[in-house]
Amino acid sequence: MTAVADTAETVPERHYTHHEGRGATPHRSNPEVIHRELTTLDVHEGMNVAEFGTGSGYSGALLASLVGPTGTVTSLDIDAYLMRWANLIHHGHGLDNVRCHVADGTAGFPARAPYDRMVAWCTPPLLPKTWVDQVTDGGLIIAPLPIATVPNMTVVAKVRVTGGEPLVHGN
């Protein structure tokens, strides 16, 4: 098993995606996709991680567990309702190393940068330069990026930033 699979055993996915007080979260990623992308992200204890697209909060909870008590997770979403609920659920589970903020993720979140890892659950029009600028040297960004002008034609890219330059890597 991977670290993500082990962590998923301890994080109550349904409590995030179908919370009794909020109901089902309409905007969320498939848990299998979340697990795959977080495995590719290669998160370790003590890291500072940014995620773009809070959704139900499930992915943020997984990240909070992966970075452990010495790491931090910053989760951004344009939807204040989702952000408030995710913060409430995280707090209810005693997670104090993940914070959700209402923000346009394409601008990143410089107040908590630099980040060792970044993951996006939404598709920006291009890889934002702000992400490249806010990730540490040698840091990773996992994000769906458009590959054609056809709607929904994307590829999930693994981008390593070295010396301020992004380079796409194969998984």
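Small disclaimer: the values here were computed from a predicted structure and weren't measured.

Colleague: Honestly, the pattern of salt bridges in this entry has me stumped. Any pointers?
Modeller: Pairing between side chains becomes possible if they bear opposite charge and their charged atoms approach one another. Under the definition given, this model contains three salt bridges. Close ionic contact of Arg36 with Glu37 constitutes a salt bridge, the shortest N to O distance being 2.8 Å. The exposure class assigned to Arg36 is partly exposed, which follows from its relative accessible area of 46%. Put simply, Asp133 and Lys129 hold a salt bridge, and the shortest N to O gap is 2.9 Å. Placement of the pair is Asp133 and Lys129 together in helix α6 (residues 129-134), with a separation of four residues, close to one helical turn. We classify Lys129 as exposed; its relative accessible area is 60%.

Colleague: Which parts of the structure should I look at to understand helix α4 (residues 58-67)?
Modeller: Since the α-helix turns once every 3.6 residues, residues separated by three or four places project in the same direction. Within α4, nine of the 10 residues are buried, leaving the element largely enclosed by the surrounding structure. Among the residues making up α4, those that are buried are Tyr58, Ser59, Gly60, Ala61, Leu62, Leu63, Ala64, Leu66 and Val67. Two residues or fewer after α4 comes Gly68, characterised by a positive phi angle close to 70 degrees.

Colleague: Hey, could you run me through the nonpolar core in this one?
Modeller: Side chains that are nonpolar tend, in soluble globular proteins, to be buried together. Counting 21 residues, the largest nonpolar core has Leu38, Leu41, Val43, Val49, Leu63 and Val119 as the members making the most contacts within it. Of all the elements in the fold, those that place two or more residues in this core are α3 (31-41), α4 and β7 (135-146). For this core, the leading source of residues is α4, giving seven residues. In contact with Leu38, other than residues within four places in its own chain, are Val4, Val43, Ser59, Leu62, Leu63, Val119 and Trp121. Leu76, Ala103, Met118 and Ala143 belong to the second-largest nonpolar core, a separate cluster that totals 17 residues.

Colleague: I'm lost on the sheet that holds strand β9 (residues 165-169) in this one. Help?
Modeller: If you trace the seven strands from one edge of the open sheet to the other, you get β5-β4-β3-β6-β7-β8-β9, paired in mixed fashion. Whereas interior strands pair on both sides, the edge strands pair on one side only; in this sheet they are β5 (98-102) and β9. Averaged over all pairs of adjacent strands, the angle between strand axes in this sheet comes to 20 degrees, irrespective of strand direction. Along the sheet, helix α5 (residues 80-92) makes contact with β4 (72-77) and β5, crossing β5 at roughly 165 degrees.

What counts, and where the lines are drawn
Residues numbered from 1 in each chain as written. Predicted model: local features only at pLDDT ≥ 70, side-chain atom pairs only at ≥ 80, totals over all residues. Heavy atoms only, no water. Salt bridge = Lys/Arg side-chain N within 4 Å of Asp/Glu carboxyl O. Buried < 20%, exposed > 50% of the residue type's maximum accessible area, 1.4 Å probe, protein only. Helix = DSSP H or I, 4+ residues; strand = E, 2+ residues; numbered from the N terminus. Core = buried A, V, L, I, M, F, W, Y, C linked by side-chain atoms within 4.5 Å. Contact = heavy atoms within 4.5 Å. Pairing = 2+ DSSP bridges. Axes fitted to C-alpha atoms, helices over the stretch in contact; angles between N-to-C directions.

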